[in-house]
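Structural overview for review
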Amino acid sequence: MADIGATVETYWATAQARDWRAFGATLADDVRYELPQTRERVLGRDGVVRFNAEHVGEWSLEVERVITDGDQAVSWVSFSVDEEETQAISFFTASADGRIQTITDFWPTSYEPPREREHLVERF
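Residues numbered from 1 in each chain as written. Predicted model: local features only at pLDDT ≥ 70, side-chain atom pairs only at ≥ 80, totals over all residues. Heavy atoms only, no water.

Re the layout of surface pockets
Our working definition: The way it works is a 1 Å grid over only the protein atoms, where trapped points that fit a 1.4 Å probe form a cavity and open points with protein on both sides within 12 Å along at least five of seven lines form a pocket, and then any residue with an atom within 4 Å of a point lines it. Grid points are joined across faces, edges and corners, and a volume is the space filled by probe spheres set on the points. Only DSSP runs of H or I covering at least 4 residues are called helices, and only runs of E covering at least 2 are called strands; the numbering of each starts at the N terminus. Residue classes follow a fixed rule: Ala, Val, Leu, Ile, Met, Phe, Trp, Tyr, Cys and Pro count as nonpolar, while Asp, Glu, Lys and Arg count as charged, and any other residue, Gly among them, counts as polar.
As a volume, the largest pocket reaches approximately 530 Å³. Around the largest pocket sit 24 residues that line it, and L35, H55, F79, T86 and W107 are the ones nearest its centre. At the level of elements, α1 (4-16), β1 (27-35), α3 (45-53), β3 (59-69), β4 (72-81) and β5 (84-94) are the ones that each hand at least two residues to the lining of the largest pocket. Among the residues making up the lining of the largest pocket, the classes are represented as 13 nonpolar, seven polar and four charged.

This is the structure in structure tokens:
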């Protein structure tokens, strides 16, 4: 089995490069991509490639960290679209041949914390 961590690194690098052919090569034919916050699901390699290739706005990403355990990986990515920045956590599982079988993306929405807890935290 291929190293899922290396496959995830390639997934993100090829997305950043807009190399959709190489991006698709990281995915199993029957890959399942889910976004719990929006309750969206995309099935199949062609659908996942198209979903990413047609993302609107001028975007860029940087991988902060990839952690693996057997046939699973999680990544933390900094993502900017136009002038807005956010962070994402993505969970991956590998197929038998080492390509990505499932992706679950969590894209948190930034918000200003309540003033009532200012005395408890340090802002960064």
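On we go from here.
Some points on the UniProt feature "domain: SnoaL-like" (unreviewed entry) in the protein
How we decide: UniProt positions are given in the numbering used here, feature names are shortened, and annotations may be inferred rather than shown by experiment.
Taken from the UniProt record, the annotation "domain: SnoaL-like" (unreviewed entry) applies to residues 8-100. Within residues 8-100, the helical portion is 26% and the strand portion 49%, while the C-alpha atoms at the span's ends are 8 Å from each other.

Observations regarding the nonpolar core
Heads up, the condition is: In this description, a nonpolar core means a group of buried Ala, Val, Leu, Ile, Met, Phe, Trp, Tyr and Cys residues linked to one another through side-chain atoms lying within 4.5 Å. With a 1.4 Å probe rolled over the protein chains alone, any residue whose accessible area is under 20% of its type maximum counts as buried; one over 50% counts as exposed, and the rest are partly exposed. Only heavy atoms enter the contact rule, under which two residues are in contact if any of them lie within 4.5 Å.
Judged by nonpolar contacts, the single largest core of 23 residues is most densely connected at Y11, F23, L27, F92, I100 and I103. Ranked by residue count, the leading element in this core is α1, at five residues. Those residues within four positions of Y11 in sequence are excluded, and the remaining contacts are F23, T26, L27, Y33, F92, I100 and I103.

Details of the pairing of β4
Convention followed: We treat two strands as partners when DSSP finds at least two bridges between them.
Pairing analysis gives 10 bridges linking β3 to β4, with the strands arranged antiparallel. Of the residues in β4, the one forming a bridge with R65 is W76. Hairpin remark: β3 followed by β4, antiparallel, with two residues in the connecting loop; positive phi at G70, about 65°. Pairing geometry for β4 and β5, over 10 bridges, is antiparallel. Residue pairing across strands places V74 opposite F91, the latter belonging to β5. What sits between β4 and β5 in their antiparallel hairpin is a turn of two residues, with D82 showing a positive phi close to 55°.

Describing the sheet that holds β5
By way of backbone hydrogen bonds, the strands of a sheet pair with one another, either parallel or antiparallel. Using the following cut-off: Between N-to-C directions, angles span 0 to 180 degrees; the directions come from axes that are lines fitted to C-alpha atoms, helices contributing only their stretch in contact.
The strand order across the open sheet formed by six strands is β2-β1-β6-β5-β4-β3, and the pairing between neighbours is mixed. Edge strands, defined here as strands with exactly one partner in the open sheet, are β2 (40-43) and β3. Strand-to-strand twist of the sheet, defined as the mean angle between neighbouring strand axes without regard to direction, takes the value 20°. Taken together, the four bridges between β1 and β2 define a ladder with antiparallel strand orientation. Across the sheet, E34 pairs through a bridge with R41, a residue of β2. Here α1 sits on the sheet in contact with β1, β3, β4, β5 and β6 (100-106), set at roughly 175° to β3.

Focus on the environment of S60
Note the cut-off: We define a polar contact as two N or O atoms separated by no more than 3.5 Å, with the added condition that, inside protein, one atom must be a possible hydrogen donor and the other a possible acceptor, whereas residues neighbouring each other in sequence contribute only through side-chain atom pairs.
Residue position: S60 is located in strand β3. Among the residues examined, S60 registers a relative accessible area of 30% and is labelled partly exposed. Spatially, the C-alpha atom of S60 lies 5.8 Å from that of F79, the residues being 19 residues apart in sequence. Sequence-distant contacts of S60, defined by excluding residues within four places in its chain, comprise Q16, S78, F79 and S80. One polar contact links S60 to Q16, side chain to side chain, over a distance of 3.4 Å.

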